[in-house]
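Descriptive analysis of the structure
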Number of protein chains: 2
Amino acid sequence: MNFGKLKEAVFGKPIASKHAHQERLPKRVALPVFASDALSSTAYATEEIMRTFLHVSPKFMAGGISMSLGYAFLSQTFNIAILICILIVIVSLSYSQTIKAYPGGGGSYTVAKENLGTWPGRLAGASLLIDYILTVAVSVSAGVLALISFNTQLQPYVLHLNCFFILLITIANLRGAKESGALFSIPTYTFVLLFGTLIVYGTFFAAGHPAPPEVALATEELKRVAPNPTELIGWAWILIGFKAFSSGCTALTGIEAISNGTQAFKEPVSRNAAITLWWMAGILSFLFVGGSYLAEKFHIIPMEFGEPGFKTVVAMITQATFPQNTSFGVGYFTAMQFATAGILILAANTAYADFPRLASIIARDNYLPRQLAVVGDRLVYQNGIIILAVTSCLLIVKFGGDTSKLIPLYAIGVFASFTLSQFGMVVHQRKDKKSLATQAVSFFGGTITLIITVVIAVSKWTAGAWVVFIAVPLVLSMMLAIQRHYRYLARELEITPEDKVLPARTVTLLLVPRVHRGILNAISYARALSEDVRALHVTIDPKTVAKVKEDWVKHGQEMPLVILESPYRSLVGPIIDYVEQTLSEDPEVFVTVIVPESVPRRLWHRLLHTNAAIPLKAALGARKRVVITNVRHYLK
Amino acid sequence: MNFGKLKEAVFGKPIASKHAHQERLPKRVALPVFASDALSSTAYATEEIMRTFLHVSPKFMAGGISMSLGYAFLSQTFNIAILICILIVIVSLSYSQTIKAYPGGGGSYTVAKENLGTWPGRLAGASLLIDYILTVAVSVSAGVLALISFNTQLQPYVLHLNCFFILLITIANLRGAKESGALFSIPTYTFVLLFGTLIVYGTFFAAGHPAPPEVALATEELKRVAPNPTELIGWAWILIGFKAFSSGCTALTGIEAISNGTQAFKEPVSRNAAITLWWMAGILSFLFVGGSYLAEKFHIIPMEFGEPGFKTVVAMITQATFPQNTSFGVGYFTAMQFATAGILILAANTAYADFPRLASIIARDNYLPRQLAVVGDRLVYQNGIIILAVTSCLLIVKFGGDTSKLIPLYAIGVFASFTLSQFGMVVHQRKDKKSLATQAVSFFGGTITLIITVVIAVSKWTAGAWVVFIAVPLVLSMMLAIQRHYRYLARELEITPEDKVLPARTVTLLLVPRVHRGILNAISYARALSEDVRALHVTIDPKTVAKVKEDWVKHGQEMPLVILESPYRSLVGPIIDYVEQTLSEDPEVFVTVIVPESVPRRLWHRLLHTNAAIPLKAALGARKRVVITNVRHYLK
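Residues numbered from 1 in each chain as written. Chains lettered and ligands numbered in written order. Predicted model: local features only at pLDDT ≥ 70, side-chain atom pairs only at ≥ 80, totals over all residues.

**Looking at the overall build of chain A**
- From N to C terminus, chain A includes 25 helices and 7 strands.
- Across the 636 residues that make up chain A, the buried fraction comes to 48%.
- Sequence-distant contacts, at least 24 apart, represent 80% of the contacts inside chain A between residues at least 6 apart. (Helix = DSSP H or I, 4+ residues; strand = E, 2+ residues; numbered from the N terminus. Buried ≥ 20, exposed ≤ 12 C-beta atoms within 10 Å, placed from the backbone. Contact = placed C-beta atoms within 7 Å.)

This is the structure in structure tokens:
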């Protein structure tokens, strides 16, 4: 009872099934819940592009000075952002069709499975499960980076902060979806407002800071020495561009969340979901392109994770826009960092809404343990939530909380499932005899995202993309093994004409180590249970036998007492032999072994007691006609 | 069955109780089994004395050169060893009286408890339990040091080697005492032979190496500047001497083993044990004094653990005696190192023989869990052995395998229990009206060891002796808490005149999630069990109810089917309510809840199954009249 109350206090009261439909969200709440993932990626996507440029190692000689090409390339950040923005529009167009076709929620898994077949479905399922875990890891770790940018003294506590926030979101989600929505609106809207205002002010009113000398020099020299960069490094130009582009594609992660969760919208579901999707795409593009523009305008150079005084690019943009020598500037910076941390940490919530939902769909297809398909007391899928929390936490610890190391693992699965989902939509639209134009949009989206998947896989291979090519097959083979077991189980449990409920008699054996108050209840139970009931005493210590016999006459209710010798001082051995013998004497008999157990109230006291039922079950549990049961006597 | 066979292969066949007396050992086997601890301490005791000297930090100025006093003091090693040798004789004299008085095995615990009372007995018990653990940790870690002295490239694998050897001894001991004796003779006798020959040859035939310059200089300067060292450092002289003496006292550890294990000797027990004790004391003194003499003669300077190319003092003595440029020298060194490692690693066996035996004696006094009092299949106390293995392994890992750090924890408990045991003997002899001379020997021994206990506690306080002053009270309070619980249990389980075996009826409830082959056996059992038997189905998914009802008509044997609604989709909640209601309707009823369970053969498949009995037991287990039982269906 106490545990029940504690559970209620932390996770809220249980919700009855008939209230399920009330858990649907209005658009203004659905936007923060489902869009926080996509929008929050603007906090790191620009930085990822710039970091790719910085990691360009070749140097070029200009006027006798060795110059890093990377600095020169930073001026291409805005152009890359614009390209990615076009991609956002293409993908959104494709997903708005998915929303119409699947108002009940059309995640890539469902779409791929229904239209492309079992194997693409499984592939999409495995990729998505891994991606949701990475969503949590990337978002929370990036959120913590925003916090340590605000106060660089927090840097040694990166992992503590990460684990703390994962715990926080986990509890919030175990409480249920509706409260989450309300909880998540404030930071999302605050972030959009603050970042938007920053972009507008920064673009039109803030003075561009003079470029840091190394950037200015590199850019100018590059222009002078090689007005056409291909002259300098040939085709590498394109490779670097591809790398930067695929890094920036992380801005698209989370864009599919609305189409997965359509069923959480209010009626009319499709219309509301589509409107929310386009709002999201618009805000996302604006923040991403704007942020990238400001980074270039203010000549920001990203810092390396772990460097003393580490700050994110967004933090540096904010400080460049609002000079930190005014209290307004400091206040704005503070608010911006907390809002960024807030939306990022809450972005993990998208995965918390979707992972358990997807896991339960897959579990109902028998690819995952059935425990994941069970709906908990608060209409959420508790087991899935807990798995998500634990695995993402392990990932963050493994990568030391460095977001940049997690992102290459992340984007490839996202784009693979984009691709499967969109090609699935093409097939779906053909079945529904939709116009060729409609089909073309999905086909075009699918082709583009397929190309990008390949580009990411190749360009990010050494940076970690290979991990995905090991993780996905592992998850896939686990899913297949689970399905094989459940199929086998269904066959095995099918009742055939030969299966009959056989008539049976029972023999009850009551273990009596010595006669004390703890077994009186068990005597009473054993007598009520069957006609043929015998008490068993194993003589470990021959000196005590007489006392047991004497006591049994007083309290044994005329039940026969069988004394078993134990030459090897084993308690369990002679009982096993006796049970085997009883079974062999009568093929219709069920043997019930009653093990009286004195259970102390305190947990540590239980370590001082042995329970003979455990070794008996290990030895006899596989016997069809043996049932071993404890009758407990609770101590006061 | 398979587990039983595996167990037999690893641990040997079980031995019947009536063969127990055959497990007694002849002297030539008892010596290696019980003396390996004491003898093996010669492998590190000399080194501990020398290391204490080296750690003397004050420097003295002589002829304008700053000189470490430590090097100068190394020349006192032999004198300290002679003093400790006298102590060995005193303690052996005292223990030979214990052997006569307690032919059934008189460990400090028994002697102190019977003669000095409960509290000294408990104190001796707690100290000894901790000491046996430390014996294993010190011996095994020192044995590994002998191996890494042989091949310094093994240094990075110190902890792996430690864990490996503990595992090895553990398995050997679970196999039983007699085989252990045979197994342990070879390394012990080899060590004694090799070390003894080394001492004789080194003393009389090997040329003394010229002293290393720093030692020679320090010794000479000290003699010249201060022929009487007190002039130089005053009373510190005595303090340093005390420290070195108490470090060297580690040579006595294990000397009590024979008196603890007297009952393992052949008849006449006392005589055989006493003869073995004096043989042991003689060999121990010879090896210890001889080794210390050679260390001084060859001007050995101990190395620090972890230093590259680390070698023990004994290894350095061996190399100094037999020059390593001949194949005989190399061969002798190899044999000596392996024999040293062998006797040290096997020395842990003393603790493996004594810890479980002591734990079972203490457990029978209700100070330790009763599981420790149970004699296993092979006349050894398996639970004690396993606890000893785990805790000593943890200690070694905690201290990184550095023997020197473990020794200060070790010696203090050993001498405390020496003291308690010998004062206990004084009381025992007074009761038996023994001669005053006999009493005086024990009293003198007790006084000396008491003084040494205090000296060790003070001089080694900061080096780790304080840990013992925390560990012993902790173990003591654990022992008291356990005794309190068992006393309470005995009171609680006493049958009073009010306790009656009440008449009872049973209602059997069979959980039916759906009708499949896995529950047919359970139906058959439930019907045989009682007249009033009902099937319960909880409707998690309302769509499946009709199917369950239909199937039940076919296979349910006319048992009534109760359908329970579950508004919160909880399986367990409605069952709990139903059970509570059934109990409240009839005060004499026992409710048996039968949970059919399909058990797959493979362990990982079991993760894919849930067992409703577990949450039901958690919720209802404390109810006096509810019994929850699984009827298992094993899958093929």
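There's plenty left to go through after this.
**Structural notes on the interface of chain B and chain A**
- Contacts between the two partners involve 53 residues from chain B and, on the opposite side, 53 residues from chain A.
- Taken together, the elements giving at least two residues each to the side of chain B that touches chain A come down to α20 (461-493), β3 (505-511), α21 (520-529), β6 (589-599) and β7 (626-634) of chain B.
- When its residues are assigned to classes, the side of chain B that touches chain A shows 25 nonpolar, 16 polar and 12 charged. (Nonpolar A, V, L, I, M, F, W, Y, C, P; charged D, E, K, R; others polar.)

**Section: the domain arrangement of chain A**
- You can read the domains of chain A as domain 1 (32-95 + 140-410) and domain 2 (505-634).
- Here domain 1 of chain A and domain 2 of chain A have C-alpha centroids that lie 64 Å from each other. (Domains from an automatic or database assignment.)

**Comments concerning the sheet that holds strand β4 (residues 532-539) of chain B**
All names here are of chain B.
- Judged by pairing direction, the sheet is parallel, and its 5 strands sit side by side in the order β5-β4-β3-β6-β7 without closing on themselves. Every other strand in the sheet has two partners, leaving β5 (561-565) and β7 as the edge strands with one partner each. Across the sheet, the axes of successive neighbouring strands diverge by a mean angle of 30°, strand direction being ignored.
- The pairing of β6 with β7 spans 9 bridges and is parallel. Residue Glu597 lies in a different strand from β7, and its bridge partner there is Arg632. (Pairing = 2+ DSSP bridges. Axes fitted to C-alpha atoms, helices over the stretch in contact; angles between N-to-C directions.)

**Quick notes on the relation of the copies chain B and chain A**
- Rotating chain B by 179° and moving it 0.2 Å along the rotation axis overlays it on chain A with an RMSD of 0.4 Å. Such a combination of rotation and displacement between the chain copies is what one expects of a two-fold axis. Residues of chain B ranked by C-alpha distance from the rotation axis are headed by Thr629(B), positioned 2.7 Å from it.
- Take the interface residues of chain B: 100% of them recur as interface residues in chain A, which is what a same-surface contact looks like. (Least-squares fit on C-alpha atoms with pLDDT ≥ 70 in both.)

**Here we look at the packing of helix α3 (residues 45-54) of chain B against helix α5 (residues 77-101) of chain B**
All names here are of chain B.
- Put simply, α3 and α5 touch, their axes get as near as 10 Å, and they point 130° apart. As far as their axial angle goes, α5 and α3 are oblique. At the point where α3 passes α5, the crossing takes the right-handed sense. Contacts between α3 and α5 involve Thr46, Ile49 and Met50 on the former and, on the latter, Thr77, Ile80 and Ala81.
- Taken together, the residues that form the contact of α3 with α5 break down as 4 nonpolar, 2 polar and no charged. (Parallel < 35°, antiparallel > 145°, perpendicular 65-115°, else oblique. Left-handed = near helix turned anticlockwise from the far one by under 90°.)

**Digging into the pairing of β7(B)**
- Among the 9 residues in β7(B), 7 count as buried, and that is most of the element.
- With respect to chirality, the unit in which β6(B) leads through helix α24 (residues 613-620) of chain B into the neighbouring parallel β7(B) is right-handed. (Right-handed = clockwise from strand over helix to strand, strands pointing away.)

**Comments concerning helix α6 (residues 108-116) of chain B**
Residue and element names in this part refer to chain B.
- Counting buried residues in α6 gives 8 out of 9 residues, a clear majority hidden from the surface.
- Every buried residue belonging to α6 is among Ser108, Tyr109, Thr110, Val111, Ala112, Lys113, Asn115 and Leu116, and all of these are buried.
- Looking at the buried residues of α6, the elements they touch are α5, α7 (118-150), α16 (327-364) and α18 (403-431).
- Backbone geometry just downstream of α6 places Gly117 in the positive-phi region, at approximately 115°.

**Some remarks on the nonpolar core**
- Formed by 147 residues in total, the largest nonpolar core has its most connected members in Met280(B), Leu284(B) and Leu388(B).
- Counting residues per element, this core draws most heavily on α16(B), which supplies 20 residues.
- With 143 residues, the next largest nonpolar core counts Val91(A), Ile133(A), Ile300(A) and Met425(A) among its residues. (Core = buried A, V, L, I, M, F, W, Y, C linked by C-beta atoms within 7 Å.)

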